[in-house]
Amino acid sequence: MHWAYKIANELIEKYPNKETYVCASGISPSGSVHIGNFREIITTYFVVKALNNLGKKTRFIFSWDDFDRFRKVPATIHPTYHHFIGKAYSNIPDPFGCHSTFAEHFEKEFEKSLSELGIEVEFIYQSKEYKSGRYNEDIIHAIEKRKEIYDILMKFKTSVPNEQERNDFYPITLYCENCEKDDPSITQYNHESKTLDYSCRCGFSNQLSIEVANNIKLNWKIDWAMRWMKEDVVFEPGGRDHSSETGSYTVSKEIAKAIFDFDAPHYTPYEFIGIKGQNQKMSSSSGNLITPAELMEIYLPEVILFMFAKYKPTAAFNIGLDEDVIKNYSEFERYQSHYIDQTLLDLDICQSVEFAHIGKIDKKYPKFNHVASILPLVNYNVALLKDIFINNGETFSFIEIEKISQLAEYWIKKYNPQKNIMINQKQAIEFYHSLTEEQQFWLKNLCDYLLNNEPQDQTELMKQLYSICNHDDKKIMKANQKTFFTMIYRLVLNRTSGPPIPLLFQVVNKNQLIHLLNFNES
Ligand SMILES: [Zn+2]
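The following refers to the structure shown. (Residues numbered from 1 in each chain as written. Predicted model: local features only at pLDDT ≥ 70, side-chain atom pairs only at ≥ 80, totals over all residues. Heavy atoms only, no water.)

In terms of regular secondary structure, the protein is built from 22 helices and twelve strands. Relative to the compact-globule value of 24 Å for 522 residues, the protein shows a C-alpha radius of gyration of 31 Å, a clear excess of over 25%. Across its three principal axes, the protein shows a C-alpha extent of roughly 105 × 55 × 40 Å. Taken over 522 residues, the protein has a buried fraction of 52%. Here the analysis covers contacts within the protein between residues at least 6 apart in sequence; of these, 69% occur between residues at least 24 apart. Of the roughly 24,800 Å² of accessible surface on the protein, 48% is carried by carbon and sulfur atoms. On the protein, the mean spot of the 58 positive side-chain charges and the mean spot of the 69 negative ones are 2 Å from each other. (Helix = DSSP H or I, 4+ residues; strand = E, 2+ residues; numbered from the N terminus. Rg over C-alpha atoms; globule rule 2.2 N^0.38 Å. Buried < 20%, exposed > 50% of the residue type's maximum accessible area, 1.4 Å probe, protein only. Contact = heavy atoms within 4.5 Å. Areas by Shrake-Rupley, 256 points an atom, 1.4 Å probe, with all protein chains shown as cover. Lys, Arg positive; Asp, Glu negative; His and termini not counted. Charge placed at Lys NZ, Arg CZ, Asp CG, Glu CD.)

Glancing now at the coordination of the zinc ion. At the metal site, the zinc ion is ligated by Cys176 (SG), Cys179 (SG), Cys200 (SG) and Cys202 (SG), and these contacts range over 2.2 to 2.3 Å. Considering all four donor atoms around the zinc ion, the spread of angles at the metal, 105 to 117°, places the coordination shape in the tetrahedral class. Positions of the donor residues of the zinc ion along the chain correspond to the pattern C-x2-C-x20-C-x1-C. With Cys179 in the loop between β4 (172-174) and β5 (185-190) and Cys202 in the loop between β6 (195-199) and β7 (205-209), the pair connects residues that are 23 residues apart, well separated along the chain. Overall, Cys202 belongs to the partly exposed group, its relative accessible area being 37%. (Donors = N, O, S within 2.8 Å, 3.2 Å for Na, K, Ca; no water. Tetrahedral: all angles 85-135°; square planar, octahedral: opposite > 155°, others 65-115°.)

Another point: the packing of helix α19 (residues 458-468) against helix α20 (residues 474-493). Axis separation between α19 and α20 bottoms out at 9 Å; the angle between their running directions is 115°. One way to sum up the angle between α19 and α20 is to call them roughly perpendicular. Seen from above, α19 lies across α20 with right-handed handedness. Contacts between α19 and α20 involve Met462, Leu465, Tyr466 and Ile468 on the former and, on the latter, Gln481, Phe484, Phe485 and Ile488. Each residue belonging to the contact of α19 with α20 can be placed in one class, and the counts come to seven nonpolar, one polar and no charged. (Axes fitted to C-alpha atoms, helices over the stretch in contact; angles between N-to-C directions. Parallel < 35°, antiparallel > 145°, perpendicular 65-115°, else oblique. Left-handed = near helix turned anticlockwise from the far one by under 90°. Nonpolar A, V, L, I, M, F, W, Y, C, P; charged D, E, K, R; others polar.)

Quick look at the sheet that holds β5 now. Strand order in the open sheet formed by three strands is β5-β6-β7, and the pairing between neighbours is antiparallel. Two strands in the sheet have a free side with no partner beyond their single neighbour: β5 and β7. Averaged over all pairs of adjacent strands, the angle between their axes in this sheet comes to 20°, without regard to strand direction. Note: β5 against β6, five bridges, orientation antiparallel. (Pairing = 2+ DSSP bridges.)

This part covers the packing of aromatic side chains. As enumerated under the stated definition, the model contains 41 aromatic pairs in all. With a centroid separation of 5.3 Å and an interplanar angle of 85°, the aromatic rings of Phe38 and Phe308 are classed as edge-to-face. Highlighted residues: Phe38 in helix α2 (residues 35-53) and Phe308 in helix α11 (residues 301-310), separated in sequence by 270 residues. Each of the two residues, Phe38 as well as Phe308, counts as buried. Look at Phe123 and Tyr125: their rings are 6.4 Å apart centre to centre, the planes differ by 35°, and that puts the pair in the tilted class. Here the aromatic residues Phe38, Phe62, Trp64, Phe110, Phe123, Tyr125, Phe308, Tyr311 and Phe317 are joined through ring pairs into a cluster of three or more. Above the face of the Tyr380 ring, Lys413 is positioned so that its terminal group lies 4.2 Å from the ring centre. (Phe/Tyr/Trp six-rings, centres within 6.5 Å; stacked < 30°, edge-to-face > 60°. Lys NZ or Arg CZ within 6 Å of the ring centre and 35° of its normal.)

A word on the side chain of His370. Residue position: His370 is located in helix α14 (residues 368-374). Once residues lying within four places of it in the same chain are set aside, the contact partners of His370 are Phe389, Glu394, Pro500 and Leu503.

Structure follows, in C-alpha cells:
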C-alpha cells in the first residue's frame, strides 16, 4: 500500500468519527521556499488526497509563520537588512520592492508554484491571525500557566532549572510598540487586569492590555501546540530536525496535552531532499537553493509530484539536475505508459502515478530524452522538431512539443551544456582508420543504400541497418548493432550516443550525412 494511504488509514482508525480531517503544514517565509521545505506541504498533500479518495472530508491548511522574528539575512538580500533583525517577517519591507512586505514576497513566490503544480490549499497567515486578536485568550492562558510551561521545556533541556529564571519566564515574543523589534523585557504580569509591563532596549516602556494587544506571539513550541488545538489538527508532518526525542514535536505534544488539553496530531517526520548536479550544498543562508519554480523550469509538474510520491517521507533522496533528468523523465514516461496500458503491476507505483496527476492520465508529450537529444541539432527550432516527429510517425501538437522543448532547452543551457551537441562539419578520418575492415564495409553499404534510397520510413531504415551488420550468432549480431550505431554517432556527432538513428538521419541534411559517412571518395 502506498505510504499516503497507509497514513490515511491510520488516521481513520485513530479518529473514526471525525467529520472533517484537518491536515496541516507550515513554513516561515524566511526567504525563498526551497525544494527541501517543499516536502512539508507535499507530504500533507498526498495524505489529504488519500483521505479524499477514501471518502473522507478534509481541510488542508498551510500556515505561513510570518509573525516569527526575522533572525538572519539571507545571502541573496542586501546586508543592510540586518537593521530589521528582531522584527516580524510581516513588518519588514520587501527587499525586491514588488510586494508590501518581506513575508508577502516569498509567500506569493511559493503560492504561485503551488498553484502551477495544481496543489490547492487554504493559507493561514499567522500575522493576520495574531493581530486579529483571535489567539489573545490563549496567550493569556499560556502566560498564566507559564511556570508549568517552563517546567515542561526544562525537562527537554540539559541546563538546570532555576527559580529566578522560572519566575521571569514568559512563553511569548513581544514586539515593541515603538521600534517593532522583539527587544522588550517583561517586568511584570498582572493577573487581575491581564496586563504586561515591559521596557524595551530602545528606551520605550508601556503597560499592555493583553486582551486587546496585537503585538504578542506565543513562542514556537507553545504556538504550535495552541494552533493544533485551535484548528483541531489530526495530521502534520515535520522535518527530521523537529522529530528527535527532544525535538519540537515531542515538546509541543506535551504542551498541547498539559496546557491546552489537546491530543497532538498524528505526526510523520520527513527526510531532507538533496540536489544532485549542483556543486554546492543547498541552504537558505547561502542563497544557493533550488526552488520549486526553478525545478519547474526543468521538470513537468507531474514528474516532480511523481518523484515525491514515489519515496516514503522517511527516505532521503536527491533530485538530479544532471543526467538524472533524463533518467527521471524516462522512468516516469515508462510507468505512465504501463499505467495507461494497464500493465503496471506494482500497486505503490500505480498509486504514485495517480498522485502525480491532477486530471486525466494520458501521454501527451514527446519523450524528453528524444527532444533533448534532437533540439540542439535543429538549433532549438521547435517547428523543425515538430516536422521531424511527424515524419517519424509521432504526432504531438505544437504546444506539447514546445512545452518539452522549453524545459529541455533550459536544462541543457543551464545545467548540462555538454548536451548542447553539434553536427560534425568535417569527416572523422582518424576514427575511420581505426575501424576494422568489416566495420568499414558496413559503412560503405550504408552509404550505398542512402545514395540510392529515400528512407522515409523508420522501420525500413532500421531493417536496412540491421541487415548490414547481420550475423548468424545472435550475441555477435547484438554487439555488431551496438558497434555500428556507436560508429554512426562518432562520425556524425563526435559522441558515443545520440538521438534514435531514424531521428538523427532526418535531422541531418542528407548531403551532409553522406559526406560524414562516406570515405570511399575521399
Ligand atoms: Zn523598542
